Amino acid sequence: MGPVDWQTDLRMEIQDAGRKVNETMSGLLNTGIDWGINAADSIRTTLEAYGDDPSLI
């Protein structure tokens with residue numbers, strides 16, 4: 001295995017790790033967005049159910 005081989009292997013491993021990080025970050029972002037939307041829907045539903053009287057919540 002010459003120097004070019006290990007450099008190519010290292011470059012491929014770094015690119016693969018970068019892809020995995022991007023996929024993970026994208027998944028976390030989408031999960032956070034989903035949680036935010038669900039929380040907003042829950043708050044809206046609660047406010048609609050109890051009207052303008054916050055003491056009922």
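This section reports on the structure supplied with the text. Values in this document were obtained by computation on a predicted structure and should not be read as measured data.

What follows is about the overall build of the protein. A count of helices and strands for the protein gives one helix and zero strands. Here the protein displays about 5,000 Å² of accessible surface, and carbon together with sulfur accounts for 62% of that area.

Glancing now at the pattern of salt bridges. Taken as a whole and assessed by the stated rule, the structure comprises four salt bridges. The shortest N-O distance in the salt bridge between E48 and R44 comes to 3.5 Å. On the criterion of helical spacing, the pair formed by E48 and R44 is a turn pair, its members being four residues apart in helix 1 (residues 3-50). Where salt bridges share partners, they join D16, R19 and K20 into one cluster.

The rules behind the values
Residues numbered from 1 in each chain as written. Predicted model: local features only at pLDDT ≥ 70, side-chain atom pairs only at ≥ 80, totals over all residues. Heavy atoms only, no water. Helix = DSSP H or I, 4+ residues; strand = E, 2+ residues; numbered from the N terminus. Areas by Shrake-Rupley, 256 points an atom, 1.4 Å probe, with all protein chains shown as cover. Salt bridge = Lys/Arg side-chain N within 4 Å of Asp/Glu carboxyl O.

All quantities given are derived from atomic positions and should not be read as evidence of function.
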